[in-house]
Amino acid sequence: MAKSLTLDAFLEKKEEVKEQLPSPSEKARAEEVLEEAPAEEAEEQPSAAPYAPEAQNLEFAYLVSASYDGKRGKAVLKFYEPKSQKSYLWFDNTGHRPYCYTNLSPEDLECIEKVRTHPGYVSAEVAEKYDPLTDSTVQVTKVIATDPLAIGGKPNSLREVIPKERPDAKVWEADIKYYDCFIYDRQLVPGMPYRIENGKIKPVDWSAPEDALKSLEKVLFDEPAESQEFAKKWIELLEYPVPTYRRVSIDIEVGTDIPTRVPDAREAKYPVIAVAMYSSDGLRRVLVLRSRPEYLPKVEEGDAELEVEPEYFDSEKEMLSEVFEVLRDYPFVITFNGDDFDLRYLVHRAEHFGFSRDELPIELGRDSALLRHGVHVDLYKFFFNRSIQVYAFGQRYRDITLDDIAYALLGVGKVSLEKPVSELSLRELARYCYNDAKITYMLTSFGDDLVMKLITIVARVSKLPMDDVVRQGISNWIRNLMYYEHRQRNWLIPRSEDILQLKGATVTEAVIKGKKYRGAVVVEPVPGVHFNVHVLDFASLYPSIIKRWNLSYETTRCPHEVCKKNLVPDTPHWVCTLRRGISSLIIGSLRDLRVRWYKHRAKDPSLPEDLRNLYNVVQLTLKVFLNASYGVFGAEHFPLYCPPVAESTAAVGRYAIIRTIEKAKSLTIPVIYGDTDSVFLENPPPEKVEELIKWSYEELGMELDVDKVYRYAAFSTRKKNYFGVFPDGSVDIKGLAGKKRNTPEFLKKAFEEMIEILSQVNSPEDFEFAREKIKQIVQTCYNKLKRREYSLDELAITIVLGKSVKEYKKTTPQHVKAALLLPEEKLETLGKGDTIRFVKVTTKDGVKPVEIASIEEIDVDKYVEYLETTFEQVLDALGIDFSEILGYTRLGEFFGKK
DNA sequence: GCGGACTGCTTACCT
DNA sequence: ACAGGTAAGCAGTCCGCG
C-alpha cells in the first residue's frame, strides 16, 4: 500500500464522501438529484443552464428519456429530433404534481398534524378507482404534494408519516418514481415520436398499414375481441420505424504508479492520460496527455501505426474541456462501464480542476452517470442483463467484458497489451484507447444498429426511459409495463402485502429443498441412440398457459363464489370466470404477437430487408419479456408477486406435458425424452404427429409444434444431457461436460473432435467406424496426459467467483482454495464475477492457480477421472465402456488405486 | 482414528 | 434480484467399527 508522495495536493474529498453514503431509501434518481439541491432552495435557484434547447415547437421528435428537474420542480422529457439529430428538452407545463393514494378521507388526513403542516403537502381530494383485488369500485383519497420527496424517499415523507400516525391507514402507489408516474398519466410511450405544438405534446398521426391490420385480424381470428383490439394497439407501437441515433462512444485511460490497481473513480487522483471518441457521424479522435506528473513512468512517443493521429495536450484541464464539449454535442453517449468508471472519473477529475458540477454535461447518481441533455448508454449494464445475454444474444458471450462481448458479437478483439497502460508509448496508448472506443461504438452499430433498436423497442414495450432500459432488469421492465396498464384503466395498483395476505400460500411441494412450489416435469430419458427424432414443443408454454387459463394476481383465487369450481389441475386454486385477468391479457397478447406474427414476418422474404430486421428486433424483445413473464410472479421482490399464479402456471405445464406424453403413447409413438415443454418422439409416422398436434390444440387449447428433427439423438441415463445431429450434420449439444465453460481446454478440444466424428454418422452401420475413431481420440488424450504433454493453460479449470473470496464462510470450494494461494495484491482485486483459473496438483491443497503452478506437480490421475466423466456421458449412449478403451493400460492402476 | 454414507454448498447447465 | 429441476465435484459431518 505504498502511498505516492508526489501526488498533488488537490485531493479534496468532501463531495465523494457524500456520494459514497448509501442513499437513505429509494434509488430513485430524481430523488438523489434532489438531495444535492435541497427542496427549499429550489424556488430561489435560477433554472439549470440549458444543456439542450427547450422545445416549444417541434414537428417530429422521438421521446427518449424522462427525468425530474429538481431546480424547476418539474418533470422533464428528453426528445431526439432525427432531422437535426439533436436533443431537445421539454419541461412540464401542465401543472402535474406528485401524488399517492390513501384510504383515509381528506378530512381524516387533514386532522393529522404532521400531514397538514408537512412542507410538501398540497391537498387531498376524493378519487374513484377500481380495486382489482376485491373486484369493486372504491373511493380513495389522492394526496398531492409539491415534490417527489414529499411523497416518498425521506423519513418524514407522507408515505411514512401517514401510516405511522394512523396505523389503520393504507397508502398506495407511493413508491413509483415521479417521472414514471408522469409518463403513465400522460400515457406517453418512450421510443415513440411526438410533435410539440406551442409547448403541448401530441402524438404523431400514424397507424399501422391497413393490410397489416387485416392480416393480424386473420391470424388472431380465434381470440376474443378485447385481445384483438389490444394486439392492434401494440402493433402501432412495434411497427413504427426506429431512427438512427447520432451518438459518440468514449473511452478513457488513467495513468497510475501502481499498475495492478484500478484507479478509484470517486477519488480521481490520477491524471486522465488518453481519451478516445468514435461517433456515428464520422468523428474519430484520440486525445493524449503529453505532460505527465513525475510519478508516472517516462515514455516515448513511439511509432505505432494509427487509424487517426493523436492530438497531444500539455494541459489535462484543456483536454477535459475538449472532451466535455464533444459530449455536450451528442444526444447519445455510449460507454462500456461509464456509469462506474469513465464518466464518473471525468466528473470528479474535472472538479479537481475547478469545474463546477453544474457546468458539466454529466449528472452523477449513486450508480449512474447520466447526460443532462440526452441518453448515456452504458453497454456494460445492458450486456450484463441476464435476459439480454441469454434470450436476445443466445449466450453467445459468456463474460461481461468488452473483450469477450466484442469477440463473440463482432469477431474482433482488443489490442493485447504487454505492459501496463501507464508504460505504453504515447502512440501505443492512443491505439489501445482508440480501439476500445471504436469497439464500444461498434457494439451499438452491428446488425444494423441492433442494440440501439433493442433498447428502443424495450422502451416502447416497458414504457421506461431509455436510460432506465439500459440500467434496469427484466422484472422492472415488466413491473413498469404492468403499472402503466393499470393507470390507463384507472385501476388502483395493489400493495404487495395485500396480494400476499390474500393469496400468499402455495400447496405443492418442490422437488428441490427450499423452493416454494413444484416446477416442471423432466422425463427420464431412454438411453441409447435413436434415429429420426422429432422434438415437439409448446410454443411459449407458460405464456400460453397464463393466456388460456386467465391467470393473473386478481383472477387467481378471485372473490367470486361462482368461480370456485374453475379449478387449476392438481391444485386447490381456482380462476375467475367473470373478468379477464390483466396479466393474462398483456402476456397473452405479446405471446400471440410473437408466435403468430413477428416470428413469421421476421423471416418473410417478400418483405423489405429493413422491415424484416425491425421485426426480428421486435420478436427478440418479445421473447425476452415472455420468457420472464411467468417467473416474476414467483419472485418475492416483484411488486405483483403472487405465488398461486406461478404455482398454477407450473401445474398446468406439468398437466400439459404429461397428458401429451400419454396421448403419444396411446398413438404408439415411443417417447424417449421430455423436459418442461417438449417431447422427443422416436421415428414417429407423420400422420400421427399431425394427430398429436391437433389433439393438443383441441384438448389442451395449446399450440404444439415440431420444433426440430434430428437425424439421430443420443441419450445417457442423465436428464438434461444429450446431443442431437441434424440432417445437415450440425450438432445440438445440451448439458454435456464437454461444452461447459469450466471444462479444461484439452477436454473441450477432444470432445469437439468426437462430435465431429459423430456428426458424420448417417446410419446405425456408421457407428462401427465412429466407435473406433472415438476410442482413438480418448486413447490419445489419455497418453498425452500421462506423458504430461498438455500445457498448464490447456489443463486449467476456469470457475467464476459467485461472491468475493472473503464471503465463503460455509465451505471453501476448490476455486476459492486456489484463489487464496494467489499473491496478496492479486487477491485484493478479485470479486464477484471474476474467474479463477487453476489446475489440479498433487501438493497439499490439491489445487493451484495457473499463474504459480508448474507442469511437474500436475495430478494426472485426477485429470484421467475428468476425461472419464466427460466422455462417459456420450460413451454411455453409444454403448462403449470407458475402461474398455484404456484396456490394459488402465488395468494396472485399477488394482493399485481402487 | 479412519473410511464410507450422507447432506449441503457451489457452479453451470436446461427449459 | 424471473422461476424450478438436474448434474457434478467437493467440503464437511456423522456413524460404525473391537
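Source: prediction; values computed, not measured.

Caption draft 1: Examining the overall build of chain A more closely. When you go through chain A residue by residue, the secondary structure sums to 31 helices and 27 strands. The C-alpha atoms of chain A give a radius of gyration of 30 Å, which matches the 29 Å a tight globule of 898 residues would have. Overall size of chain A, expressed as C-alpha extent along the three principal axes, is 90 × 80 × 55 Å. Counting across all 898 residues of chain A, residues that qualify as buried make up 56%. Summarising the internal contacts of chain A: among those between residues at least 6 apart in sequence, 70% fall at separations of at least 24.

Caption draft 2: Fine view of the protein's contact with DNA strand C. Taken together, 36 residues sit near DNA strand C, with I512, G519, R718, K817 and K840 positioned nearest. Protein-adjacent atoms of DNA strand C, using a 4 Å cutoff, are sugar or phosphate at a proportion of 82%. At 3.3 Å, a side-chain N or O of Y391 approaches a base nitrogen of DNA strand C. Within the side chain of T869, a nitrogen or oxygen atom sits 3.2 Å from a phosphate oxygen of DNA strand C. Mapped onto the surface near DNA strand C, the elements with two or more residues apiece are α18 (474-488), α22 (609-629), α28 (814-820) and α30 (860-878). Sorting elements by how many residues they give to the surface near DNA strand C places α30 first, with three residues. For the surface near DNA strand C, the per-class residue count stands at twelve nonpolar, 14 polar and ten charged.

Caption draft 3: Structural context of the nonpolar core. Membership of the largest hydrophobic core comes to 155 residues, with the highest contact counts inside it found for F79, F383 and F393. Not counting residues up to four positions away in its chain, the partners in contact with F79 are L58, A61, Y62, L63, V64, K86, S87, Y88, W90, Y194, I196 and I201.

Caption draft 4: Inspection of the packing of aromatic side chains at higher detail. This structure, assessed with the given rule, holds 44 aromatic pairs. Judged by centre distance (5.4 Å) and plane angle (45 degrees), the rings of F341 and Y345 are tilted. You can see F341 and its partner Y345 sitting in helix α12 (residues 338-352), four residues apart, about one turn around the helix. Comparing F341 with Y345, the two get one shared label, buried. Through pairs of rings, three or more aromatic residues link up here, namely F382, F383, F393, Y397 and F446. We note R246 situated over the ring of Y330; from NZ or CZ to the ring centre the distance is 4.4 Å. Sitting over the ring of Y808, K803 keeps its end group 4.9 Å from the ring centre.

Caption draft 5: Spatial organisation of the confidence of the model for chain A. Of the residues in chain A, 93% reach a pLDDT of 70 or more, and the chain-wide mean stands at 90. For the stretch residues 1-49, pLDDT sits under 50, and the model shows 76 contacts to residues farther than four places along the chain or on other chains. Contacts from residues 888-898, a stretch scored under 50 in pLDDT, to residues over four places away or in other chains number twelve contacts.

Caption draft 6: Broad picture of the pairing of strand β5 (residues 121-131). Bridge count for β5 against strand β6 (residues 136-145) is ten bridges, and the pairing is antiparallel. Counted as the bridge partner of K129 is V138 from β6. Hairpin remark: β5 followed by β6, antiparallel, with four residues in the connecting loop; positive phi at D135, about 50 degrees.

Caption draft 7: Region of the structure containing the pairing of strand β9 (residues 200-203). Bridge count for strand β8 (residues 193-197) against β9 is four bridges, and the pairing is antiparallel. Residue pairing in the sheet places Y194 in a bridge with P203 of β9. Joining the antiparallel neighbours β8 and β9 is a turn of two residues, in which N198 adopts a positive phi near 45 degrees.

Caption draft 8: Representation of the sheet that holds strand β25 (residues 797-800) in the model. Pairing in this open sheet of three strands is antiparallel, and the strands run β25-β26-β27 from one edge to the other. The strands lining the two open edges of the sheet, one partner per strand, are β25 and β27 (847-849). Looking at each pair of strands side by side, their axes are set apart by 40 degrees on average, direction ignored. Examined bridge by bridge, β25 and strand β26 (residues 835-840) share four bridges and lie antiparallel to one another. Within the sheet, the bridge partner assigned to T798 lies in β26 and is R837. Set on the sheet, α30 makes contact with β25 and β26; between it and β26 the angle comes to about 110 degrees.

Caption draft 9: Up close: the sheet that holds strand β3 (residues 86-91). Reading across the sheet, the five strands line up as β3-β2-β1-β8-β9 and stay open at both edges, with antiparallel pairing between neighbours. A strand with exactly one partner marks an edge of an open sheet, and here the two such strands are β3 and β9. On average, adjacent strands in this sheet sit at an angle of 45 degrees to one another, irrespective of strand direction. Two strands pair when backbone bridges link them, and strand β2 (residues 74-81) and β3 are joined in this way by six bridges, in the antiparallel orientation. Its bridge partner lying in β3, F79 is registered against Y88. Across the sheet, helix α8 (residues 178-186) lies against β1 (58-69), β2, β3 and β9, angled at about 140 degrees from β1, the strand it touches most.

Caption draft 10: Spotlight on the pattern of salt bridges. Here the structure, examined in full by the defined rule, presents 60 salt bridges. D498 is paired through a salt bridge with R495; the nearest N and O atoms lie 3.0 Å apart. By relative accessible area, which is 16% here, R495 ends up buried. Sharing partners across several salt bridges, the network here consists of D222, E223, K547, R548, R591, D592, R596 and E703.

Caption draft 11: Inspection of the packing of helix α21 (residues 582-601) against α22 at higher detail. Across the interface, α21 lies against α22 with an axial gap of 9 Å and an inter-helix angle of 145 degrees. As α21 packs across α22, the resulting crossing turns out to be left-handed. Across the interface between the two elements, I587, L590, R591, L593, R594, Y598, K599 and R601 from α21 touch R612, Y615, V618, Q619, L622, K623, L626 and S629 from α22. Of the residues belonging to the contact of α21 with α22, the class tally is eight nonpolar, two polar and six charged.

Caption draft 12: A look at unusual backbone geometry. One non-glycine residue with positive phi stands out, namely Q395, at about 60 degrees. Examined against the element boundaries, Q395 turns out to sit in the loop between α14 (386-392) and α15 (402-409). The class for Q395 is partly exposed, based on a relative accessible area of 40%. Residues other than glycine seldom take positive phi values, yet T668 does so here, at roughly 60 degrees. Mapped onto the elements, T668 comes out in the loop between α23 (643-666) and β20 (671-675). Judged by its relative accessible area of 61%, T668 falls in the exposed class.

Conventions used here
- The numbering scheme is per chain: residues are counted from 1 as the chain's sequence reads.
- Written order decides the labels, with chains lettered from A and ligands numbered from 1.
- Local features are withheld for residues below a pLDDT of 70 in this predicted model, meaning they are given only at 70 or higher, and side-chain atom pairs are given and counted only at 80 or more; totals for whole chains, interfaces and linings count all residues.
- Side-chain figures throughout are based on the complete set of non-hydrogen atoms in the structure, without hydrogens or water.
- Numbered from the N terminus, helices here are DSSP runs of H or I no shorter than four residues, and strands are runs of E no shorter than two.
- Note that the radius of gyration is over C-alpha atoms, with the globule rule given as 2.2 Å times the number of residues to the power 0.38.
- Accessible area is worked out with a 1.4 Å probe on protein chains only. A residue is then buried under 20% of its type maximum, exposed over 50%, and partly exposed in between.
- A contact between two residues is defined here by any heavy atoms of the two lying within 4.5 Å.
- Any residue with a heavy atom lying within 4 Å of a molecule or strand is counted as near it.
- Polar contact is the term for a pair of N or O atoms within 3.5 Å; when the atoms are in protein, one must be able to donate a hydrogen and the other to accept it, and sequence-neighboring residues count only if both atoms are side-chain atoms.
- Here the nonpolar group is Ala, Val, Leu, Ile, Met, Phe, Trp, Tyr, Cys and Pro; Asp, Glu, Lys and Arg are the charged ones; every other residue, Gly included, is treated as polar.
- Side-chain atoms within 4.5 Å are what join buried Ala, Val, Leu, Ile, Met, Phe, Trp, Tyr and Cys residues into a set we call a nonpolar core.
- Only rings of Phe, Tyr and Trp enter the pairing, Trp through its six-membered ring, and a pair is recorded when the two centres are within 6.5 Å. The plane angle decides the type: under 30 degrees is stacked, over 60 is edge-to-face, the rest tilted.
- Each ring is checked for a lysine NZ or an arginine CZ that lies within 6 Å of its centre and within 35 degrees of its normal; such an atom marks a charge sitting over the ring.
- The predictor attaches a confidence to each residue, called pLDDT, with possible values from 0 through 100.
- When DSSP finds two or more bridges between a pair of strands, those strands are recorded as paired.
- To obtain each axis, a line is fitted to C-alpha atoms, and for helices this fit is confined to the stretch in contact; angles are then taken between N-to-C directions over 0 to 180 degrees.
- The term salt bridge refers to a pairing of a side-chain nitrogen on Lys or Arg with a carboxyl oxygen on Asp or Glu at a separation within 4 Å.
- Each crossing is labelled by how the near helix is turned from the far one, with a counterclockwise turn of less than a right angle marking it left-handed and a clockwise turn marking it right-handed.

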